[in-house]
Amino acid sequence: LGQHGFAIEDCIVLADEQATKAAIESRVRRAIKSCLEEDVLFVYYAGHHFAWQSANRMATFDTDLADLDHTTISLSWLHQQFKDSDCKKIVLLLDTGEKALTESSTPIPIEPWKEAELTSFYVSSDRFVCFSSCKPGEVSHVSRK
């Protein structure tokens, strides 16, 4: 990010065991709270997504398939954080896939990602934009490079 003009002290990276639900939500809240109106906030999420109880959710490092409500991040929660922000430009980058969870040996009632939830939030917004790696039903392929 530094190579592209971003100040390193403004970048927050949570990877692997650092990327727990509590840590991600805390850092998102604090980052959004610190943004000024003229700032541009980029939020990049790489991981698994799915719908559960008809709501889009993002898995975290500590996601527990037996307790999805308390161990995943709701897309609606993230959108609410965006709406409550003074920041007038927020970009969400979703590098996600649902294959690993849908192929899980643990029988859980998960559904494919609901594109309508994304579309309804971003289609009429002049403050927010979202880029997604694949559509529902498509598979995002992980590269170790």
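Just so it is clear, the model here is predicted, and its values are computed rather than measured. (Residues numbered from 1 in each chain as written. Predicted model: local features only at pLDDT ≥ 70, side-chain atom pairs only at ≥ 80, totals over all residues. Heavy atoms only, no water.)

Asks: So what about the pairing of strand 2 (residues 55–59)? Which residues, and what values?
Replies: Most of strand 2 is tucked away, with 4 of its 5 residues classed as buried. Pairing between strand 1 (residues 40–52) and strand 2: 4 bridges, direction antiparallel. Across the sheet, the residue bridging to Ala-51 is Asn-56, located in strand 2. Across 3 bridges, strand 2 lies against strand 3 (residues 72–74) in antiparallel orientation. When the sheet's bridge partners are listed, Ala-59 is paired in strand 3 with Thr-72. (Buried < 20%, exposed > 50% of the residue type's maximum accessible area, 1.4 Å probe, protein only. Helix = DSSP H or I, 4+ residues; strand = E, 2+ residues; numbered from the N terminus. Pairing = 2+ DSSP bridges.)

Asks: I'd like to hear about the pattern of salt bridges, residue by residue, with values.
Replies: The tally for this structure, following the rule as stated, stands at 2 salt bridges. Residue Lys-21 is joined to Glu-25 by a salt bridge in which the shortest nitrogen-to-oxygen separation is 2.6 Å. Here the residue Lys-21 and the residue Glu-25 both occupy positions in helix 1 (residues 21–34), the gap between them amounting to 4 residues, near one helical turn. Taken individually, Lys-21 and Glu-25 each receive the classification buried, so the pair is uniform in this respect. Ionic pairing is found between Glu-111 and Lys-114, a salt bridge with its closest N-O pair at 2.6 Å. Residue classification places Glu-111 among the partly exposed positions, given a relative accessible area of 25%. (Salt bridge = Lys/Arg side-chain N within 4 Å of Asp/Glu carboxyl O.)

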